Amino acid sequence: MVSTSAGGEGIDLQVCHILFNYDLPWNPMAVEQRIGRIHRYGQTDTAQVYNLVAEDTVEERIYGLLEEKLLEIAQTIGKVDPVTGQVVEDVRSEILGFLGSSPNYQDLYKKALVDKDYQRTEREIIEAIEKAHQASEALRQLAQDLESFNFGRYRNMKGPFALDDLKLFVKRGVLRLGGAFIPQGDVIYIETPKVLHQYPNVSPRYENVVFDRKLAMRKRRADLFGLGHPLVDALIEHLRSPLFSGEVSIHKGTSEAHTISVRCMFVVNLEEGVRKVFYKTFSLADNGQLEEFRPRTDVEALLSLRNRTAQIEHDKTLAFPQALKNRISSIITDEEARLRAKFDRVLSVNSQIVGLMAN
C-alpha cells in the first residue's frame, strides 16, 4: 500500500509488516506513529521498518543526532537490545513521546538548513531530549518498578465461575420469577419478568442475548450478558432483597439430614460511608463439624433442578437440632469477629442467613 502522511495515524494495518518511510516527517514521534500502524495487536510477523534518508542532507544530520542521543540514554539505563545493539522499542517510544511538540521541529530544521550551524542544532536537540529523559525517569519513579510484572503469572488466577455459570444463574432466575428464556440458535431470547421492570435501564425483552465473548464479537447486534448488564444486576439485586423469599431448604428423601449447608451475607460498615459485602458458605455435618464447602456447589445445585414447578419439595416439619443451631450461630459470630479484625475503622458488622440446604 502506498500512502501519504495521512496514513500515519488512526488506522490499523497489522495485515502488513514491512514499512518504508520514504518522506520522513520532521517530528520523530510522527515516525513512531507510522510504525504503530503495523505494530499492533494481531500482528503475527516481525515488523520491519526502513527509513530512507538522503546522504549529506539536513535530515541525515538531525536524525543521526537523535539516534546517537537515544542510544546514549538507553545504554545508561540498560535499555539496549543485547542482540541488535539498538535502543529497545519501549524506551524509544517513551522518550520520543515525551518530546512531544517541543522543540519546534520545523523551525529547528529551517535554522539548520539556512545557517548550516549544526552545533547549535545539536545543542537544542540534546537539551530537548534530556528534558524528555528526565520526564521519563520521573514517571518511572512515580509508577515504581513495574518491569518485573509478568501478566502470564496472573493468567491462572481465575475464579471458580465463568460466563456459562452466569448463563445458568440468569436462566434459573428469570424462569423462577415468571419470565422466558428461549434459545434461538446461537442467541437467546429473554422475556424480562415483570417484577424486574421497576429496576433502572431494564428492557421488557432481549432478543440477541449471548454469554460468550467471542460469539459477541462475531454476531451482529449481539447483547453480551455479564456482571454489570442492567438485567443481570437487577436480577442479583432482586434475589438478594427481602422482596424475594426464596426457598428455605432442599430436602432429599425422607431420611434424616446428614449435611446442612448455610449461606450467609456479611455487611461490614466502615467509617466515611464505606460498605463491604461478603457472601460466605458453611457446610456442617450432623455432628456439628465444619466441612469444606466448594464454591461451585451452588451452581451444581442449580444445574440439578429439572424444572421450575417441581424443583423443590417444602418440608415444614424439618427441624434442626438445637446443637446445630448453636453451632451455626457460633460460626457466624466467629466470622463477624474475623471481619472486624481484618479491616480498620469498623463501625459494625451485620450478618444474615440467606440460604439453607439439607442433604
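Everything in this summary refers to the structure shown in the same document. Keep in mind that this is a model prediction, so the values were computed, not measured. (Residues numbered from 1 in each chain as written. Predicted model: local features only at pLDDT ≥ 70, side-chain atom pairs only at ≥ 80, totals over all residues. Heavy atoms only, no water.)

A tally of regular secondary structure across the chain gives ten helices and ten strands. Summed over all atoms, the accessible surface of the chain reaches about 23600 Å², with 50% contributed by carbon and sulfur. (Helix = DSSP H or I, 4+ residues; strand = E, 2+ residues; numbered from the N terminus. Areas by Shrake-Rupley, 256 points an atom, 1.4 Å probe, with all protein chains shown as cover.)

A few words on the side chain of His229. Looking at the secondary structure, you find His229 in the loop between β6 (223-224) and α8 (230-240). For His229, the residues in contact, after removing those within four places along its chain, are Tyr206, Asp223 and Leu224. (Contact = heavy atoms within 4.5 Å.)

Turning our attention to the side chain of Glu335. Mapped onto the secondary structure, Glu335 falls in helix α10 (residues 322-342). Residues in contact with Glu335, not counting those within four places in the same chain, are Phe266, Lys280 and Phe282.

This brings us to the packing of helix α6 (residues 163-176) against α8. Where α6 contacts α8, the two axes come as close as 11 Å, and the packing angle between them is 60°. Where α6 crosses over α8, the two elements pack in a sense that is left-handed. Within the contact between the two elements, α6 uses Leu166, Phe169, Val170, Gly173 and Val174 and α8 uses Val232, Leu235, Ile236 and Leu239. The class makeup of the residues in the contact of α6 with α8 is eight nonpolar, one polar and no charged. (Axes fitted to C-alpha atoms, helices over the stretch in contact; angles between N-to-C directions. Left-handed = near helix turned anticlockwise from the far one by under 90°. Nonpolar A, V, L, I, M, F, W, Y, C, P; charged D, E, K, R; others polar.)

Position of Val31 relative to the elements: it lies in helix α1 (residues 28-38). Leave out the neighbours within four places in its chain, and Val31 touches Asn21, Leu24, Pro25, Asn51 and Tyr63.

This brings us to the sheet that holds strand β3 (residues 180-184). An order of β3-β4-β5-β6 is seen for the four strands of this open sheet, with the pairing classed as mixed. The strands lining the two open edges of the sheet, one partner per strand, are β3 and β6. Here five bridges tie β3 to strand β4 (residues 187-191), and the two strands are oriented antiparallel to one another. Bridge pairing in β4 places Phe181 opposite Ile190. The strands that α6 touches are β3 and β4; relative to β3, the one it contacts most, it runs at about 130°. (Pairing = 2+ DSSP bridges.)

All right, on to the pairing of β4 then. For β4, a buried count of four out of five residues is recorded, marking the element as mostly surrounded by other parts of the structure. Hairpin connection from β3 to β4: two residues lie between these consecutive antiparallel strands, with Gly185 at a positive phi of about 70°. Sheet topology note: the β4/strand β5 (residues 205-210) ladder contains three bridges and is antiparallel. Bridge pairing in β5 links Glu191 to Arg205. (Buried < 20%, exposed > 50% of the residue type's maximum accessible area, 1.4 Å probe, protein only.)

Together, Ile18, Phe20, Tyr22, Tyr50 and Leu52 make up a nonpolar patch on the protein surface, roughly 580 Å² of accessible area in all. Positionally, Ile18 belongs in strand β1 (residues 18-21). Residue class for Ile18 comes out partly exposed when judged on its relative accessible area of 40%. (Patch = residues over 30% accessible without salt bridge, like charges linked within 9 Å, V, L, I, M, F, W, Y side chains within 5 Å. Salt bridge = Lys/Arg side-chain N within 4 Å of Asp/Glu carboxyl O.)

A word on the nonpolar core. Within the largest apolar cluster, 19 residues are counted, with the highest numbers of intra-cluster contacts made by Val170, Ile190, Tyr206, Val209, Phe211, Phe225 and Leu231. Contributions of two or more residues to this core are made by α6, β4, β5 and α8. The residues contacting Phe225, other than those within four sequence positions of it, are Leu163, Leu166, Ile190, Tyr206, Val209, Val210, Phe211, Leu231 and Val232. Residues Leu65, Ala74, Ile125 and Ile129 belong to the second largest nonpolar core, which totals 17 residues. (Core = buried A, V, L, I, M, F, W, Y, C linked by side-chain atoms within 4.5 Å.)

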